[in-house]
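# A closer look at the structure
Listed below are the residues making up each chain.
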Amino acid sequence: MARKLAAGNWKMNGAAASLAEIEALAKAHPDPTCDVLICPPATLLSRLSDRASGTAIQSGGQDCHAAVSGAHTGDISAQMIADAGGSHVIVGHSERRADHGETDADIVAKAQAVWGADLVAVICVGETLAEREAGQTINIVAAQLAGSIPDGATGDTTVIAYEPVWAIGTGKVPTLEEIAEVHADIRARLTARFGPAGADMLILYGGSVKPSNADEIFGVPDVDGALVGGASLKAEDFGGIIAALERA
Ligand code: 13P
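Definitions and limits used
- Residues numbered from 1 in each chain as written.
- Predicted model: local features only at pLDDT ≥ 70, side-chain atom pairs only at ≥ 80, totals over all residues.
- Heavy atoms only, no water.
- Helix = DSSP H or I, 4+ residues; strand = E, 2+ residues; numbered from the N terminus.
- Buried < 20%, exposed > 50% of the residue type's maximum accessible area, 1.4 Å probe, protein only.
- Contact = heavy atoms within 4.5 Å.
- Polar contact = N/O pair within 3.5 Å; in protein donor to acceptor, adjacent residues only side chain to side chain.
- Axes fitted to C-alpha atoms, helices over the stretch in contact; angles between N-to-C directions.
- Left-handed = near helix turned anticlockwise from the far one by under 90°.
- Nonpolar A, V, L, I, M, F, W, Y, C, P; charged D, E, K, R; others polar.
- Near = heavy atom within 4 Å.
- Areas by Shrake-Rupley, 256 points an atom, 1.4 Å probe, with all protein chains shown as cover.
- Expected span 1.5 Å × (residues − 1).
- Arc of directions from axis to C-beta.
- Pairing = 2+ DSSP bridges.

## Some words on the environment of Arg187
Take Arg187: it is sitting in helix H8 (residues 176-194). Judged by relative accessible area, which is 10%, Arg187 ranks as buried. Sequence-wise, Arg187 and Ile160 are 27 residues apart; in three dimensions their C-alpha atoms are separated by 9.8 Å. The contact partners of Arg187, leaving out residues within four places of it in the chain, are Met1, Gly198, Ala199, Asp200, Met201, Ile203, Asp222 and Asp224. Only 2.9 Å separates the side chain of Arg187 from the side chain of Asp222, close enough to count as a polar contact.

Pasting the structure below:
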């Protein structure tokens, strides 16, 4: 399996001044024992990649179009993310699924586009609060996994992120038992479908991860890192999460 991954998703936050956080993070963690990824807004990707060059910090996109190029006003392609220095692209984030009506089929096409640019796809899944309360978590996540990951996925090309929608930006986190149940089920389904490649894929947890809860979350079996929103914006907070992953 690849090294564990601490991934930051800055969402629609950050401007030029935020790049100072990258320098602070690189200084505090010059040689981490886990991989570190920041996905800034597209406007910052190229500058962030330049600043991170020569450090252990990798950069990536938060979404991409499924096509390589063309008449798609406002969109960016995986090739453009690669050209800007990115190594990964998040696809299928619940905010894209909810705000832009992205379907599992869209996410398969985007993940294939990411692979086509020789980048790693971070494919997100997760249930809503109503789905959890209806006892549908495992079914929903299983359906998203089946529908959103293209055939041929491997641990080199694909990372899975389990992000319960109700835990994103709310300060609410599932119990460790609930996280363990979903991650074990994801691992079993990945292995059933992809064989040894499924055993190699990193499975990240995302949703209100902070320095104060990272140690216990990273202690859960089959949690191979985190996809972090709010707490990735400040080097000190994200550094605390990186340190917890290094201890795990
Ligand atoms: P928060 O860490 O802010 O809850 O966001 C999680 C997330 O959606 C990362 O993609």
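Here the narrative resumes, following the displayed structure.
## Quick notes on the packing of helix H1 (residues 19-28) against helix H11 (residues 235-247)
The geometry of H1 relative to H11 is characterised by a closest axis approach of 9 Å and an angle of 35° between their N-to-C directions. The two elements H1 and H11 meet at a crossing, and its hand is right-handed. Judged by residue contacts, Glu21, Ala24 and Leu25 of H1 engage Ala235, Phe238, Gly239 and Ile242 from H11. Considered class by class, the residues forming the contact of H1 with H11 number five nonpolar, one polar and one charged.

## Here we look at the site of the ligand
Taken together, the neighbourhood of the ligand is formed by 13 residues, with Lys11, His93, Gly169, Ser208 and Gly229 sitting nearest. Contacts to the ligand include Gly230, whose backbone N or O atom sits 2.8 Å from an oxygen atom. Relative to its free-state accessible area of 310 Å², the ligand is covered by the protein chains to the extent of 95%. Its residues placed into classes, the shell around the ligand shows four nonpolar, seven polar and two charged.

## Quick look at helix H7 (residues 137-148)
Turn by turn, an α-helix covers 3.6 residues, leaving residues three or four places apart pointing in a common direction. Relative to the 16 Å expected for 12 residues at 1.5 Å per residue, H7 spans 16 Å between its end C-alpha atoms, a close match to the ideal helical length. Among all positions in H7, only Thr137, Val141, Ala142, Gln144, Leu145 and Ser148 are buried. Looking straight down H7, one finds that the buried residues subtend no more than 165° of arc, so they occupy a single side. If you follow the buried residues of H7, they end up packed against helix H4 (94-99), helix H5 (104-116), strand E5 (120-125), helix H6 (129-133), strand E6 (158-162) and H8.

## Points about the sheet that holds E6
The sheet built from eight strands closes into a barrel, its strands ordered E1-E2-E3-E4-E5-E6-E7-E8 with parallel pairing. Along the sheet, successive strands turn relative to each other by an average axial angle of 25°, direction set aside. Where strand E3 (residues 57-61) meets strand E4 (residues 88-91), two bridges bridge the pair, whose relative direction is parallel. Along E4, the bridge assignment pairs Gly61 with Val89. Lying over the sheet, H7 contacts E5 and E6, oriented at roughly 150° with respect to E5.

## So, the pairing of E6
The element E6 is extensively covered by neighbouring structure, given that five of its five residues are classed as buried. Side chains of E6 alternate between two faces, with Thr158, Ile160 and Tyr162 and Val159 and Ala161 buried alike. As paired strands, E5 and E6 are joined by five bridges and run parallel to one another. By the bridge assignment for E6, Cys124 is matched with Ala161. Here E6 runs beside strand E7 (residues 202-206); their pairing, made up of four bridges, is parallel. Across the sheet, residue Tyr162 finds its bridge partner in E7, namely Tyr205.

Note that every value here comes from positions in space, so none of it alone points to a role or purpose.
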